[in-house]
Structure formats: structure tokens, C-alpha cells
Amino acid sequence: MPSFAASFAGFALRTTGYYRRMFSGGPQFEKNIAKVRSGPLPSPKAHAEVDIRHSEFQGRPVWHLAPKGRAPSVHILFWHGGGYVYPATDIHWKFLSRMSAQHGWSVTAPLYPLAPENTAAHITNWAMDYYTGYLAEMGEKAFVMGGDSAGGGLTAALAHMARDTGQALPASLLLICPWLNLDPAHPDQLKTEPRDGILTISGISAGGMLYAGDLPRDDPRCSPIFGNWDGLPPILAFAGGDDILVTDSRALKAKLPSVELIEHAGMLHDWPIFSFRESRKAQAKMANFVAPAVT
């Protein structure tokens, strides 16, 4: 049973509709995107807790977070969620700062191009270019790649592309409530939607079409669930029972039984990056999962 804090957050989000309006689809969708396009940067508090620096790649910002006063335990290449249309949020920065400060992560978080100005073909190519440069910078150092929601989908797509082009792969993959199928056609999603405090079927359908652009939605660059998952590193995935994207994680587990899937009933979308009791346990699990992959 979810903690009171997690249950209350789900109730409050469903009641206020704050995030659901952002992912509502319809004629207002692109206006909502424009309103929140200038997303927050790492807060002053984050700067006090971890070392933060900024760089650029092909005109896009890249943020680097590292623990203060000690060597990092692991290097993480992290792709943020936001439906491929929204930038990283304060919740993302708090999560990444917490993982850096408490678990010693050195995090690289590129702010990749977004839809509708860009589509999947361009965004995945940009991310692949960045990945190639990241490999060169890392040299022989092991690293982990991960992401939440749309960032989880991008993580999977990049892992497929890296394998197919013969590039080095991460030691492991973290997929947090990943968006692996742009087409919300699973019947269970209709049943889950009334309990989802963040996403709507119309919203992810509209966002998926903006992201796909001229590509079919079942192209693995758009919907990596339809790609080849052979030969990838170990995967830890998280899912929530009150998240319409839970069906994507279940489909992945059915397709690739070796995936370690942690699904909690009653939990909202992206719950592992929040600060609930369950979130803290999930974050400790992530830290324990990636540690042996880089030793």
C-alpha cells in the first residue's frame, strides 16, 4: 500500500490537474508547451550540495553534477523526461542532486532538442552525436545510462543505436517509468487513466505525434519497445500502477524477462524521482544496482 505522502500527492495532482493540463492534448497543447519551455535550472540549494558546472554541445546546454569533496562512485549519463516537449523540471534537478550528494553519482544531463521544433529523427541523431562525444571523453571509464519517462525511451533508443553501430555500451541501463510506445492503444491504459495524476491518453498521443514527425510511431527510434533488445546491458526498470505508461514496462518485461522490473501498485508516474518513502527506497536500489556494474 502506498505511503500517505505518495497517496496524497496522487490525489492532489488528480484534483488540481496541474500536470494533466500540461499533457492534455488538443488545441491548447502547443500553447502549454510554449508557456513552460523555459524550464528551471539547478537551484542555488543544489549548488550548495553538489558541484555543478555547465557546458554546451551543438548549441544545447549540458549540466554536470558531482559530489563535493569526494571521488564519484559512478558516472551516469541521464536523459530527462517531459514528453519530448518539456524541459527538465525542478523535480529532475532535486533528484539528480540527491543522487549525487547521497550516493556519489557524477551526472551528465544533456538538455536535448525538443518537439515540436524538432522530431525524433533529429533528436535521436543529436543525442547519438552527444553519446559518441561522451564515450570519447570517458575513455575506458565505465558508465551507466538512464532516464525517466520520455528520457527512458530515449535511453533505450540510444542503447539500440549504439549497439547497432558498434559503439561501446553502458555498463547498465536505468529506465524510470519509461515511455517505450508512443501509441497509447493498450486497453489497460483506459482503465488506468482516471487514477493517473500526471498523464492523459490524449496528451501522450498528441505529444507522440509531435515527436514522431514524419516517422511512423512504431519506428524503434520513436517507440523502442518495437526494437531489438538483444545484446544490451543489464536493465533496471521502475513502473507505477497509477501510471498509464505502466503497460510499456510490462511489455518490456514480457519481451525481455531478464529486465529487473520494480512495479508498485498505487504509485504515480515517475514516482522514483520524487521524495516519498518509496522513492528513497527506489533511489537506494538504483545506487546498489549500478555499483557492481562499474567495479
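Residues numbered from 1 in each chain as written. Predicted model: local features only at pLDDT ≥ 70, side-chain atom pairs only at ≥ 80, totals over all residues. Heavy atoms only, no water.

Asks: How would you explain the pattern of salt bridges if you had to name every residue and give the values?
Replies: It is possible for side chains of opposite charge to pair when their charged atoms get near one another. Here the structure, examined in full by the defined rule, presents 10 salt bridges. In this structure, the salt-bridge partner of Asp188 is Lys191, at a minimum N-O distance of 3.7 Å. Separated by three residues within a single helix, Asp188 and Lys191 lie in helix 8 (residues 187–192), roughly one turn from each other. Its relative accessible area of 59% is what places Lys191 among the exposed residues. Residue Arg221 is joined to Asp219 by a salt bridge in which the shortest nitrogen-to-oxygen separation is 2.9 Å. (Salt bridge = Lys/Arg side-chain N within 4 Å of Asp/Glu carboxyl O. Helix = DSSP H or I, 4+ residues; strand = E, 2+ residues; numbered from the N terminus. Buried < 20%, exposed > 50% of the residue type's maximum accessible area, 1.4 Å probe, protein only.)

Asks: Which residues make up the environment of Pro272, and what are the values?
Replies: Its place among the elements puts Pro272 in the loop between strand 8 (260–264) and helix 11 (277–290). As for Pro272 and Ile176, which are separated by 96 residues in sequence, their C-alpha atoms are 7.0 Å apart. Setting aside residues no more than four positions away along its own chain, Pro272 makes contact with Phe95, Ile176, Cys177, Phe238, Ser279, Ala282, Gln283 and Met286. (Contact = heavy atoms within 4.5 Å.)

Asks: Break down a nonpolar patch on the surface for me, with residues and values.
Replies: A cluster of nonpolar side chains, namely Phe4, Phe8 and Phe11, defines an oily patch on the protein surface of about 390 Å² accessible area. Take Phe8: it is sitting in helix 1 (residues 4–16). On the basis of relative accessibility, which here comes to 48%, the residue Phe8 falls in the partly exposed class. (Patch = residues over 30% accessible without salt bridge, like charges linked within 9 Å, V, L, I, M, F, W, Y side chains within 5 Å. Areas by Shrake-Rupley, 256 points an atom, 1.4 Å probe, with all protein chains shown as cover.)

Asks: Run through the packing of helix 5 (residues 90–103) against helix 11, naming residues and quoting values.
Replies: Running from amino to carboxyl end, helix 5 crosses helix 11 at an angle of 60°, the nearest separation of the two axes being 11 Å. Classed by the angle they form, the pair helix 5 and helix 11 counts as oblique. Judged by the sense of rotation from one axis to the other, the crossing of helix 5 with helix 11 is right-handed. Contact residues: helix 5 offers Phe95, Arg98, Met99, Gln102 and His103, while helix 11 offers Arg280, Gln283, Ala284, Met286 and Ala287. The residue makeup of the contact of helix 5 with helix 11, split by class, is five nonpolar, three polar and two charged. (Axes fitted to C-alpha atoms, helices over the stretch in contact; angles between N-to-C directions. Parallel < 35°, antiparallel > 145°, perpendicular 65-115°, else oblique. Left-handed = near helix turned anticlockwise from the far one by under 90°. Nonpolar A, V, L, I, M, F, W, Y, C, P; charged D, E, K, R; others polar.)

Asks: Residues and numbers for helix 5, please.
Replies: Over its 14 residues, helix 5 runs 19 Å from end to end, which matches the ideal 20 Å to within 8%, given 1.5 Å per residue. Along helix 5, the residues that are buried comprise His92, Trp93, Phe95, Leu96, Ser97, Arg98, Met99 and Ser100. Phi turns positive, to about 75°, at Gly104, one or two residues after helix 5. (Expected span 1.5 Å × (residues − 1).)

Asks: Any details on the sheet that holds strand 4 (residues 105–110)? Residues and values, ideally.
Replies: Pairing within the open sheet is mixed, and its eight strands lie in the order 1-2-4-3-5-6-7-8. If you trace the sheet from one side to the other, it starts and ends with strand 1 (50–57) and strand 8, each paired once. Sheet twist, expressed as the average angle between the axes of neighbouring strands with direction ignored, equals 15°. Running at roughly 150° to strand 8, helix 10 (residues 246–255) makes contact with strand 6 (172–176), strand 7 (235–240) and strand 8 of the sheet. (Pairing = 2+ DSSP bridges.)

Asks: Help me get a handle on unusual backbone geometry, residues and values and all.
Replies: Going from Ala115 to Pro116, the amide bond is cis rather than trans, its omega being 5°. Its location among the elements puts Pro116 in the loop between strand 4 and helix 6 (120–138). Unlike most non-glycine residues, Ser149 shows phi in positive territory, near 55°. Relative to the helices and strands, Ser149 is located in the loop between strand 5 (144–148) and helix 7 (150–164). Judged by its relative accessible area of 6%, Ser149 falls in the buried class. Its identity as a non-glycine residue notwithstanding, Asp270 has a phi of 65°, on the positive side. Mapped onto the elements, Asp270 comes out in the loop between strand 8 and helix 11.

Asks: I'd like to hear about the pairing of strand 5, residue by residue, with values.
Replies: With five of five residues buried, strand 5 lies mostly within the body of the structure. Side chains of strand 5 alternate between two faces, with Val144, Gly146 and Asp148 and Met145 and Gly147 buried alike. Bridging between strand 3 (residues 74–79) and strand 5 involves four bridges; their strand directions are parallel. By the bridge assignment, Trp79 is partnered in strand 5 with Gly147.

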